[in-house]
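Geometric and topological summary
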Amino acid sequence: MTSDALTPRPLDHLVLPITSIAAARQRLTQLGFTVAADARHPFGTENACVFFSDKSYLEPLGIADQDICEKEARAGNQFVARDQAFRFRRGAEGFSAIVMGSDNADRDDAGFKTNGISAGDMLQFSRPMKLPDGSEITATFKLSFAADLRSPDFHAITCQRINMPPADRSALEAHANGVKGIKIVVLSEPDPEDFSYFLGEVVNSDTVEVNETGLEITTSNATISVLDPDALTALLGIEAPCHARGLRGRAIIFRVADIAATEKVLKTNNIDFSYKGDMLLVSHEEGQAVIFGFEE
């Protein structure tokens, strides 16, 4: 573990490959989320994020320019290369990466290399951002990548933001469905304990709870839960008997203030849902990426 192993990194965001930004915007709006303006990366991808008051967010990730993406992937851009690989193996929609917040991506990268889970070269990019007074500054993002070769369809990133302008995101963090943040990130794997070391390093924690159905690891603002197929079926009501080995992103469970208010929004927008115990579940549809759950 790194020297500050007892200080877990915060969950920053989840990378959700989707068919198109337009489809994601339509579906997420119908689900009662406030969706930020479209934004393009300089390496060919684009997003339309959903921000939460716990400072985590969703990153629905689309392809703005396939030619640029392929060129960047061949040049060693791990973010794009892994997105392209995910789409090739798993299709246009899913949950490909968990991103943890960081104050030192260079240190993270060195630690991942030392601990045998580095997923390639770091990525640094910048883009102009407007300040409230109309002036512009250049914000920089530094990403370090971690992966386990046994798990080709899921990886992890730490993200450090440099020179970010102050921003009031309160309007974007208010959602008609009442979502306040991400409560549980649901992954699956036939033998979850095999990935306890990898996830411990990613979260920067030496406290991984293992039980007969899976494992849990707590970040500073959410829980990552890795379930075996039977436990996944028990939680979400989905069958996964032929699950291949390796971590798979399966669902996102959101924290809401009032589940009755969430249900009302979904009914108004003609969204099909069901209950599993006290949890409201919405199955995957185009633009949504994975199953969504809502809990008080």
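Residues numbered from 1 in each chain as written. Predicted model: local features only at pLDDT ≥ 70, side-chain atom pairs only at ≥ 80, totals over all residues. Heavy atoms only, no water.

Some remarks on helix 6 (residues 229-236)
We apply this condition: Summary of the burial criterion: residues with accessible area below 20% of their type's maximum are buried, those above 50% are exposed, and those between are partly exposed, where the area comes from a 1.4 Å probe applied to protein chains only. Here a strand is any run of E in DSSP of at least two residues, a helix any run of H or I of at least four, and the numbering for each starts at the N terminus. Contact definition: two residues touch when any of their heavy atoms are within 4.5 Å.
Among the residues making up helix 6, those that are buried are Pro229, Ala231, Leu232, Thr233 and Leu236. Buried positions along helix 6 lie against strand 10 (179-188), strand 13 (223-227), strand 14 (248-256), strand 15 (274-276), strand 16 (279-282) and strand 17 (291-295). Two residues or fewer past helix 6, Gly237 is found with a positive phi of approximately 75°.

Remarks on the sheet that holds strand 10
Convention followed: A pair of strands is treated as paired once DSSP finds two or more bridges between them. Inter-axis angles, ranging from 0 to 180 degrees, are taken between N-to-C directions of lines fitted to C-alpha atoms, where helices are fitted over the stretch in contact.
Strand order across the open sheet formed by 8 strands is 11-12-13-10-14-17-16-15, with mixed pairing between neighbours. Two strands close off the open sheet at either side, each with one partner strand: strand 11 (208-210) and strand 15. With direction set aside, neighbouring strand axes in the sheet form an average angle of 25°. Sheet strands in contact with helix 7 (residues 259-268) are strand 14, strand 15, strand 16 and strand 17, and its direction is about 25° off that of strand 16.

A closer look at the pairing of strand 13
Look at any regular strand and the pattern is simple: side chains alternate between the two faces of the sheet. Counting buried positions over the 5 residues of strand 13 gives 5, a clear majority of the element. Relative to strand 13, strand 10 runs parallel, the two being bridged by 5 bridges. Looking at strand 13, one finds that Leu187 is bridged to Val226. Hairpin connection from strand 12 (residues 214-218) to strand 13: 4 residues lie between these consecutive antiparallel strands.

Some thoughts on the layout of surface pockets
For clarity, the cut-off: A 1.4 Å probe that fits into a set of points on a 1 Å grid over the protein atoms alone but cannot get out defines a cavity; an open set with protein on both sides within 12 Å along at least five of seven lines defines a pocket, and lining residues are those with an atom within 4 Å of a point. Grid points are joined across faces, edges and corners, and a volume is the space filled by probe spheres set on the points. In this classification, Asp, Glu, Lys and Arg are treated as charged, Ala, Val, Leu, Ile, Met, Phe, Trp, Tyr, Cys and Pro as nonpolar, and every other residue, Gly included, as polar.
Estimates place the volume of the second largest pocket at around 250 Å³. Every residue lining the second largest pocket is counted, 14 residues in all, and those nearest its centre are Gly94, Arg248, Gly249, Ala289 and Val290. Looking at the lining of the second largest pocket, the elements that each hand over two or more residues are helix 3 (78-90) and strand 14. It is strand 14 that contributes the most residues to the lining of the second largest pocket, 3 residues altogether. Residue composition of the lining of the second largest pocket, grouped by class: 6 nonpolar, 3 polar and 5 charged.

Some remarks on helix 2 (residues 66-74)
Keep this limit in mind: Any N or O atom pair separated by 3.5 Å or less is treated as a polar contact, with the protein-specific requirement of one donor-capable and one acceptor-capable atom, and with residues adjacent in sequence counted only for side-chain atom pairs.
Residue Asp65 occupies the N-cap position of helix 2, its side-chain oxygen lying 3.1 Å from the main-chain nitrogen of Asp67. In the stretch just after helix 2, Gly76 is the one whose phi turns positive, near 105°.

Some words on the pattern of salt bridges
Operational definition: By convention in these notes, a salt bridge is any Lys or Arg side-chain nitrogen within 4 Å of a carboxyl oxygen on Asp or Glu.
The final tally for this structure, using the stated rule, is 17 salt bridges. By sharing partners, the salt bridges in this structure join Lys55, Arg169 and Glu173 into a single network.

Details of the pairing of strand 16
In strand 16, alternate side chains face the same way, and those of Met279 and Leu281 on one face and Leu280 and Val282 on the other are all buried. Turn length for the strand 15-strand 16 hairpin, with the two strands adjacent in sequence and antiparallel, is 2 residues, and the turn residue Gly277 shows positive phi of about 65°.

Overview of empty space enclosed by the protein
In this structure the tally under the stated criterion is 1 cavity of 30 Å³ or more. A total of 3 residues in the lining of the largest cavity trace back to one element, the largest contributor, which is helix 3. Within the lining of the largest cavity, the residues separate by chemical class into 3 nonpolar, 2 polar and 2 charged.

Some remarks on the nonpolar core
To keep it simple, the criterion reads: Take the buried Ala, Val, Leu, Ile, Met, Phe, Trp, Tyr and Cys residues and link them wherever side-chain atoms come within 4.5 Å; each set so joined is a nonpolar core.
Counting 49 residues, the largest nonpolar core has Leu14, Phe33, Leu58, Phe254, Phe292 and Phe294 as its most contacted members. Residue contacts for Phe33: discarding those within four places in its chain leaves Leu28, Val50, Phe52, His175, Asn177, Val179, Phe254, Phe292 and Phe294. Grouped together as the second largest cluster of nonpolar side chains are 18 residues, Leu61, Ala119, Phe125 and Ala147 included.

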